Amino acid sequence: MAYFACKKELTRVNTTPTAIPAANYNPNFLLTTTQLMYTGSTDFGAENWQTEWGEIAGFIQHVSSVNTAYYSGDKYLNSVGNFGVYFDHSYIYQVQPVVELYQLTQNKPQYKNLHQMARIMKALVFERITDIYGDVPYSQAGLGYYQRIYAPAYDTQQSIYIDMLKEVSQATDSLDVNADYPTGDVYYASTGKSQIKQWKKFGYSVLLRMAMRLTKLPDQASLMNSYIAKVQGLTMQSNADNAIVQHELGSETQNRDSWSIIGEDSTDLKLDSTYVSLMKRNKDPRLHIISVIYAKNDSTSADQLGMPQGKILGGTNPALDIRQTTNPRFPKTGIPGYSRFSNTFLSYTAPNLIVTYSETEFLLADAAERSGDNAGAAAHYKNGIIAAVGQLAPYGPDGVVSDAEASGYYDDFIKAHPFSTDKNTALNQINTQYWLCTIMDEYEAWANWRRTGYPVLVPTNYPGNVTGGTIPRRLEYPASEKVTNGASYNAAVARLTGGDLLTSRMWWDAP
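Everything numeric in this text was worked out from a predicted model, so none of it was measured.

## Remarks on helix 5 (residues 85–105)
Over its 21 residues, helix 5 runs 30 Å from end to end, which matches the ideal 30 Å to within 8%, given 1.5 Å per residue. Where helix 5 bends most, the angle comes to about 40°, and this point is Tyr91. Counting buried positions over the 21 residues of helix 5 gives 16, a clear majority of the element. Trailing helix 5 by a residue or two, Asn107 shows a phi angle of about 60°, which is positive.

So, in C-alpha cells, the structure goes:
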C-alpha cells in the first residue's frame, strides 16, 4: 500500500499544474506560430542574418559586401558557423510547431481544414530545409515527444520530395469550404469559404513549385508532368492570392530580415552590381522602391550603383581592393555610395512574400516552354512580369506600382526584349525574371537558379574560397550533427558524391 501511495504522489508532484492538456489546447495558435517562424526565428533572426544574408544572398548575386566577417557569401569562404544555423534553427522553431500542429489535428473532424493546412505548411517547411542541405531528417523529425525519437534518420531527398508532393496534393484536394475555417491564419485575411478557396490556390501553387524542382531528372518526368497537368487553372490568379506575412512591431511579429540586417549593420550589406545593373538596363520601376544610396538618400533609379562581387576594402591586392575598381567606378562617397536596401524594404513592419502569383506564372511559363508550347509560355511570362512589378504594394504607399504603369512597363520591355522562340533563350528570360522577383526570398532564388542555371551568373574566385571559384550548390550540415546524431549524419554524408561540401550535388540538382 505504501508503494502505491508513493507512486500516486509522484505522479501528482510531476504533473505541471498550469499545463494545458492537449485536448484543451487550440491548435490554431500553432498555425500562426509556424507561419511566423517560417519567416525567421525569434532568436534575433539568426538564420536570416547568418545563413540567408551572410551566405545565400551573396551566392545568388542579389547582395555583396566587403565585410567578410559578417557577409562572406559573395566570396564562397569557409563559414561553418553560418552554414548550419538554418538547420539548427529550423528544427527548433519551424519543424517542432508544425509537427505538433499536424499531430494535434490528425483524425479530428472539427479541424479538418486546419489539418490540411498543417500538411501543406509541413511540406513548405521541409522543402526549404532539404533544398538547402539535401538529405535531412523528415519522417522521424519532431517526434521526440510522441515517439521518443531523439536521433532521427536522414531521409533521402528523393523520398522527401515524393512524399511532400503526395501530401500537398492530397491536402489541397481535401480542403473543404463546408468544414472549419481556421482562425490562426496569417497568410490570408479572408474568412469563411473565401479563405479555403485561397488556400486551395496556394496549395496548388506550392505543388507546382515542388513538381518543377524535378526538371533535371528524366526518370521523374512522368511524375512531374502529372502534377503540372493537375494544377492547370487551379493556381493563383492574381496578386490578391499572394501568401503574405504582414509584419507588425514587436519582438514576436516584426520582420526578421529587417531585424537581422539593421541589427548587424545595414551599411555593410549592399545590392549587387549584377542585380542593379540589369534593373537599370531594363528601366525596371521596382528599382527605386527596392534600393537607395545611403550617402545621398537618393532612390532615383538612374543613380543606383550596385557593389561588385568578391571585393574587400583595402589590402595589398589591387584586383581585390574595391577602391581600385573602375567598372563600376568606386564612388566618391566611399562604401555608403553603393546602393543598399531602401527603408521601405528594411522596415520592421515590411511583409514577407511567401509564395506569389508572379512566381507561379513564371513556373507555368517554364513548364509550357519545356513542353514545346511557346505561345503558352509567352502568355504566362507576360502575366508574371506585370504581377511581379505590381506585387510590392504590401510594402506600403512607396511600394505601389499601378496596374497601368505595370502594363506599360511590360509593353516597353517586350518591345526591347521580345520573348524568344528559342527554348534555351526563353528559359533564360523566364527564370531571370524569377530571379528578379524573388529578392528577399533568397532561399527560393538560389533553389530556382540551381534548378535552371538561369540567369547566367559569373562566379568570383576570391583567394581562399572553398568551392574552386564556383557558386555553391548546397550548404554543409552543422558540425553539431556529427556529435548529437552521428550515425544518421554519417549515413547521409556517405550518400553525397564528394562528401559534406558546398560543391556536392543533391538529388534534384543533377549535373
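And the narrative resumes.
## Digging into empty space enclosed by the protein
It is a probe the size of a water molecule, rolled over the atoms, that shows where empty space is left. Within this structure, the stated rule accounts for four cavities of 30 Å³ or more. Lining the largest cavity are 27 residues, and of these Asp257, Asn352, Leu353, Met440 and Asp441 sit closest to its centre. When contributions to the lining of the largest cavity are tallied by element, the ones reaching two or more residues are helix 3 (46–59), helix 5 and strand 8 (352–355). Its residues placed into classes, the lining of the largest cavity shows 13 nonpolar, eight polar and six charged.

## Side note on the side chain of Thr360
Secondary-structure assignment places Thr360 in helix 14 (residues 357–370). At 2.9 Å, the side chain of Thr360 forms a polar contact with the backbone oxygen of Thr356. Each residue touching Thr360, except ones within four places of it in the same chain, is listed here: Ser205, Leu208, Thr235, Met236 and Val355.

## Here we look at the nonpolar core
Tyr187, Phe202, Phe341 and Tyr477 are the most contacted members of the largest nonpolar core, which totals 136 residues. Contact partners of Phe202, with chain neighbours within four places excluded, come to Ile120, Leu124, Tyr187, Tyr188, Met236, Ala243 and Val355. Residues Val66, Leu305, Ile322 and Tyr338 belong to the second largest nonpolar core, which totals six residues.

## Quick notes on the pattern of salt bridges
Following the criterion strictly, the structure yields 22 salt bridges and no others. The closest approach of N and O atoms between Glu444 and Arg213, which form a salt bridge, is 2.7 Å. With Glu444 in helix 18 (residues 442–452) and Arg213 in the loop between helix 9 (193–212) and helix 10 (221–231), this pair connects stretches of sequence that are 231 residues apart. We classify Glu444 as buried; its relative accessible area is 4%. For Asp366, the salt bridge is made with Arg451, and the minimal N-O distance between the two is 3.1 Å. Of the two residues, Asp366 is situated in helix 14 and Arg451 in helix 18; the sequence distance between them amounts to 85 residues. Of the two residues, Asp366 and Arg451, both sit in the buried class. Residues joined in a network through salt bridges with shared partners are Glu127, Asp131, Arg209, Arg213 and Glu444.

Basis of the calculations
- Residues numbered from 1 in each chain as written.
- Predicted model: local features only at pLDDT ≥ 70, side-chain atom pairs only at ≥ 80, totals over all residues.
- Heavy atoms only, no water.
- Helix = DSSP H or I, 4+ residues; strand = E, 2+ residues; numbered from the N terminus.
- Expected span 1.5 Å × (residues − 1).
- Bend = angle between axes of the 7 residues up to and from the residue.
- Buried < 20%, exposed > 50% of the residue type's maximum accessible area, 1.4 Å probe, protein only.
- 1 Å grid on protein atoms, 1.4 Å probe; cavity = no way out; pocket = protein on both sides within 12 Å on 5 of 7 lines; lining within 4 Å.
- Points joined across faces, edges and corners; volume = space filled by probe spheres on them.
- Nonpolar A, V, L, I, M, F, W, Y, C, P; charged D, E, K, R; others polar.
- Polar contact = N/O pair within 3.5 Å; in protein donor to acceptor, adjacent residues only side chain to side chain.
- Contact = heavy atoms within 4.5 Å.
- Core = buried A, V, L, I, M, F, W, Y, C linked by side-chain atoms within 4.5 Å.
- Salt bridge = Lys/Arg side-chain N within 4 Å of Asp/Glu carboxyl O.

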